[in-house]
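A closer look at the structure
Listed below, chain by chain, are the residues.
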Amino acid sequence: MSADHDDGADRVWFEPPPRSVRLPMAPPTPAPATITLEIDGREVQVADGSSLLDACASIGVETPTLCFLKTLTPVNACRVCVVELEGSRTLVPSCARKAEAGMKVHTDSPRVRLSRKLVLELLGSSVDLSQAPDVARWMARYDAHPERFGADAATVAQPVKDDNDLYVRDYARCILCYKCVEACGTDAQNTFAIAVAGRGFDARVATEADVPLPASACVYCGNCIGVCPTNALVFKSEHVMRGKGTWAPERQTTTDTICSYCGVGCTLTLHAQDGRIVKVTSPLDASVTEGNLCIKGRFGFDFVDDEPAGDG
Amino acid sequence: MFGAGGGTSSYREIEETDLVLLWGSNARETHPIFFHHVLKGLHRGGRLVTVDPRRTSSAQWADLWLGLDVGSDIAVANAVGREIIAAGLANQEFIAEATTGFEAYRAAVEPCTLAWAEAQSGVPAEAIRELAHAYATAPRAMLCWTLGITEHHNAVDNVLSLINLALLCGHVGRFGSGINPLRGQNNVQGGGDMGALPDRLPGFQHVENAPLRARFDAAWGVAVPPERGWHLTGMFEAMDRGELRGLYVLGENPAQSEADQHRTIRLLEGLEHLVVQDLFLTRTAELADVVLPAAAGWCESDGTVTNSERRVQRVRRAVPPPGAARDDLEIVFEIARRLGADWGAPDPEAVWDELRRVSPAHAGMSYARLEELGGIQWPCWDDQHPGELFLHSRLWERPVVGPRAGFHPCTHEPPIEALDAEYPLRLTTGRRLSEYNTGVQSGAYANPLRRRETLDISPEDAARLGVGEGEVVRVSSRRGAVDVPIHLDDALRPGLTFMTFHFPDDVATNLITIDATDPKAGTAEFKAAAIRVDRLSP
C-alpha cells in the first residue's frame, strides 16, 4: 500500500461524504394499467393485478375474510369472502380472484348472502369463535344461526395443547384457515414445523408426527400467533390471564417501539396492561417486519419485569 | 463505507438482488427477520452463497457454502479477486471511472491463486472459482457480513478485502448491489452515528476536522476537545498503563463480554472510580463504586434507534420503569446539573432536534416525519427529503461526484494463535437464535429452545477424543480453562469447535478467548482461539 494511497483513504474518512446529485431509486417499474369493472352496479377502476377484494375495499364495500391476510398467499380455504361473478357458474373467492376489465360482480346478492351465512354457520356450529373479532358482527349481518344444526352437531372441541412456556394451541378454536401453516412455511418463517394432517372433518393442524411442540422443528417465532384469526394460537401469558379472569383488553394500551435485541430494527407493538407488557405483536405494514418477529422479539421481554407476565 | 459509516443498502434490495453473499454471518439465527428478506429473494429466484467455517442454519439455505478455516477470509477474498481479474470479469468501466489503486490491488492479489487459497483456507479451489464467477457475473449482488469478519485481530483488513471485491465488480452504489455489515445490537449503528465513537462527533463527523468541530463549538458554546479519545480496547490498555483511572459505563457488561476475562476484571478492579448505569446489577456493576439504575431504553423511555439499513426509528415508552430506575437522559441531565450545567428538563425530542441542527444527514428527520414515514434512512438533508434507499450512487455519475473509492490491498495473516500439538483445536464463538450476548436480557424469559452452554464439536473429533454427547470436559487455552458439556454438531468440520458466551455465570467462555486485537478498530479476536479438550475422568 503506497503512502499517498493511505492519505487518500484517511481523507475519505475525514471529510463528510459528498451528497448524491440525484435521489437513489429503485429502477422504475411500468405503472400497471387501470382497468374498469362493475361492482354492485357501480363502476370501479383499479390497477391491473388487483384482487376483487381490493376492488371492493376501494369503494368501501366491506368483505368478511378469515383465511386472508395481505402478507400471505391466498389459500381459498374459508370461502367467507365469496362474491358472485356474472358468467361464472360458481361463486368466486374475492381474495384470490384477480379483477378483470368488464367484470360484473355482486357482493350482496341472495346467493352471496346465503353462501356467507352458511359458511359462518358451519364454522360457528363446530368451532369456538368467541374470540374471533368481527365474526359476531358478520353473523348478525348475514342472519347466521349456527345453533340450527342442533346441540349434537359435531365440533372440533378438544383440550388445549399446553406443552411449552411461550404459547398454547387451543384447536377447539381452529377453523383450518391455513394461515399459521403459511406463516410457518414459505410466506414468512420457512421453518415448516406445522402442516395440515388428516382428511375431511378430522383434518387438523399438526406438527410432524403430531409430536409436542418442544420435540418439533418449531423455533417459537410466534409468527403463527400473529396471523391466527380466532385466538386458537395465543400467548401463554394471555391464556393464563384469561383463565384467571385478569385479561382486560379495556385496560390495555398498545405502543409501537423497536426491539432491543439485534440490529435489524423490528417494530414491536407492546400490549401493556397495568404497567406490564402482556403481549407483543408487530404491524403488518412495518417495512422491516411485515408483522413477523423472532423468538426474542416476540417473547424475550420478561427482563424488564420482576415477575413473568401471566402471573399477574 | 467510503466516508459514511453504515451499510449501503436496504432490506428491500436483498429481496430484489440476484445474489446474496453472506460472509461470516449466521443471519438465520442472529438476524432472523433480515433473513426473512433473504428468503423472499431466494423464493424469487435469487441465489445465496455463504462463507463460514460452520455449515450454519444459514448455510443450509445456500446454493454454495464455502467452509473455510477460521481466519482465512482474506486468502479466499484475494483469490476471488484474482480469479475475477484473470477471467476478465472485472468491471473495467467502473474501475477506471470510480476507483483508485486498482493496479496495486491487482499486483497484491496476483500471487493469490485458487490453489494457494485452497491450501490456506481448506476450501476447494473449484468452490472459490464458482463464488468468484457467480459474484462477478450476477447483474446485482449484495455482500453482507457480521462478526465472523470483524471479531479478528485483522478485522479492518478483512472488511477491506471484501469491499475490494465490490469495487472490482461495481457491486456498490446501485439498486440491488451493495456492501452491508449487519449490526449486532439494536442501536450500534445509531450509537456511532450519534458520535459514541472515539473519533466522531454527532452525525459521524470527524472530531479532528477543524471546520466541522468549529460548528459544534459554536452550537454548544464550548471548545470541543480537538483530539480523538480511546476505543474500548484502548481504554483497557490505558487502564493497564495507569492513564485511565475513572470509568462511566452505560449499558455494557465488559466484565463478562470482553475477551480474556481475568485481565478485564483485574483492570476494572484497579480503577479509582467506576460508575455503572444499567438495568441490572451486572458483574460489571458489582465492581462499581456507584450504580445508577436505568430505565429500559426500548420500552420505558422515548427516543430513536438506527438499524442496519440506516433507518432511524422511534422507540417509545410503553410501561413505567420499576422502582428508582430513571431514564438515561434524566440521569445524564442530573449529573450535568450537579456539575454546574443546568440543561433544563430532559426532553428527548428537544435533544433530537438539537442533533438535527448539528448533523446535516439527520436534519430532515423530525419526530413528526419519523412517525409519518415509519422511520427514515439517513442521509435526510431537509424536511422534504425522503431519505436514501442506498448510498454511493455518486460513484455511478460520470464523472464521479466527490472522491473515488479506493482499493486497499490486504495481506492474509492467519490467526494470532496457531494450532499446535498442545492446543490442537480451533475454538470460534458466536450467538444462538434464542439467546443474546451475555444473557443479561435473554436469560430472563422462559425459553423452550434454551440449552445451556456446550462445547460444540465435530463427531469426528469427539470420536477421536473418546467423548460423547453431554460428557463434561475441560476446555483449556493459554489463558484459562472451563469445564463444559460436549455437544456433537455435524455442522462443524474436524478441528473446529464452537461455544457461545450466553451463559457466563455457568461457563465463562471469555476466560479462554484471546484478547489479541485489531490495531485499527480495537476489535478482539473472539473468533479464533487455540484450545485443547481433556476428559475429566479418563
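The rules behind these values
Residues numbered from 1 in each chain as written. Chains lettered and ligands numbered in written order. Predicted model: local features only at pLDDT ≥ 70, side-chain atom pairs only at ≥ 80, totals over all residues. Pairing = 2+ DSSP bridges. Helix = DSSP H or I, 4+ residues; strand = E, 2+ residues; numbered from the N terminus. Axes fitted to C-alpha atoms, helices over the stretch in contact; angles between N-to-C directions. Contact = placed C-beta atoms within 7 Å. Nonpolar A, V, L, I, M, F, W, Y, C, P; charged D, E, K, R; others polar. Domains from an automatic or database assignment. Parallel < 35°, antiparallel > 145°, perpendicular 65-115°, else oblique. Left-handed = near helix turned anticlockwise from the far one by under 90°. pLDDT = per-residue confidence, 0-100. Buried ≥ 20, exposed ≤ 12 C-beta atoms within 10 Å, placed from the backbone.

Details of the sheet that holds strand β17 (residues 455-457) of chain B
Residue and element names in this part refer to chain B. Taken in spatial order, the six strands line up as β16-β20-β17-β19-β18-β21 and close into a barrel, and their pairing is mixed. Within this sheet the neighbouring strands show an average axis-to-axis angle of 45°, counted without direction. Pairing of β17 with strand β19 (residues 481-488), which is carried by three bridges, proceeds in the parallel orientation. Its bridge partner lying in β19, Ile 457 is registered against Leu 488.

What about the interface of chain A and chain B?
Across the boundary between the two partners, chain A contributes 63 residues, which contact 65 residues of chain B. Here the side of chain A that touches chain B is built from residues that sort into 36 nonpolar, 18 polar and nine charged.

Notes on the domain arrangement of chain B
Residue and element names in this part refer to chain B. Assigned domains of chain B: these are domain 1 (11-181), domain 2 (188-377) and domain 3 (425-535). Computed from C-alpha coordinates alone, the two centres of domain 2 and domain 3 are separated by 31 Å. Taken together, the contacts link 15 residues of domain 2 with 16 residues of domain 3. Looking at the side of domain 2 that touches domain 3, the elements that each hand over two or more residues are α13 (232-241), α14 (254-257) and α15 (261-269). Grouping the amino acids of the side of domain 2 that touches domain 3 by side-chain chemistry returns three nonpolar, nine polar and three charged.

Re the packing of helix α4 (residues 73-86) of chain B against helix α7 (residues 114-121) of chain B
All names here are of chain B. For the pair α4 and α7, the least separation of the axes is 9 Å and the interaxial angle reads 165°. The angle between α4 and α7 places the two elements in the roughly antiparallel class. α4 and α7 meet at a crossing whose hand is left-handed. When α4 is examined against α7, the residues Ala 75, Val 76, Ala 79 and Glu 83 are found in contact with a partner set consisting of Leu 114, Trp 116, Ala 117, Gln 120 and Ser 121.

What to know about the confidence of the model for chain B
Predicted confidence across chain B gives a mean pLDDT of 94, with 99% of residues reaching 70 or more. Confidence metrics for the complex model read pTM 0.95 and ipTM 0.95.

Considering the domain arrangement of chain A
The parts lose accessible area when they come together, and the size of an interface is often stated as this lost area. Residue and element names in this part refer to chain A. By domain assignment, chain A separates into domain 1 (32-149) and domain 2 (167-304). Between the C-alpha centres of domain 1 and domain 2 the distance comes to 26 Å. Each side of the interface is counted separately: domain 1 has 16 residues, and domain 2 has 18 residues. Residues that form the side of domain 1 that touches domain 2 fall into these classes: 11 nonpolar, three polar and two charged.

Points about the environment of A:Ser282
Residue and element names in this part refer to chain A. Inspection of the secondary structure assignment puts Ser 282 in the loop between β12 (276-281) and α8 (295-299). Residues Ser 282 and Asn 292 lie 10 residues apart in sequence; the distance between their C-alpha atoms is 6.4 Å. In contact with Ser 282, not counting residues within four places along its chain, are Gly 226, Cys 266, Thr 267, Leu 268, Thr 269, Thr 289, Gly 291, Asn 292 and Leu 293.

Some words on unusual backbone geometry
The omega torsion of the bond from B:Trp378 to B:Pro379 falls at 0°, within 30 degrees of zero and hence cis. If you trace the backbone, B:Pro379 turns up in the loop between β14 (376-377) and β15 (405-406). Cis geometry is found at the peptide bond from B:Arg398 to B:Pro399, where omega equals -5°. When you line up the elements, B:Pro399 lands in the loop between β14 and β15. The phi dihedral of A:Tyr178 is positive, around 75°, even though this residue is not glycine. Topologically, A:Tyr178 is positioned in the loop between β6 (167-169) and α5 (179-184). For A:Tyr178, a count of 21 C-beta atoms within 10 Å puts it in the buried group. The phi torsion at B:His392 lies on the positive side, around 70°, for a residue other than glycine. Summarising the element assignment, B:His392 is placed in the loop between β14 and β15. By the C-beta count within 10 Å, which is 28 here, B:His392 ends up buried.

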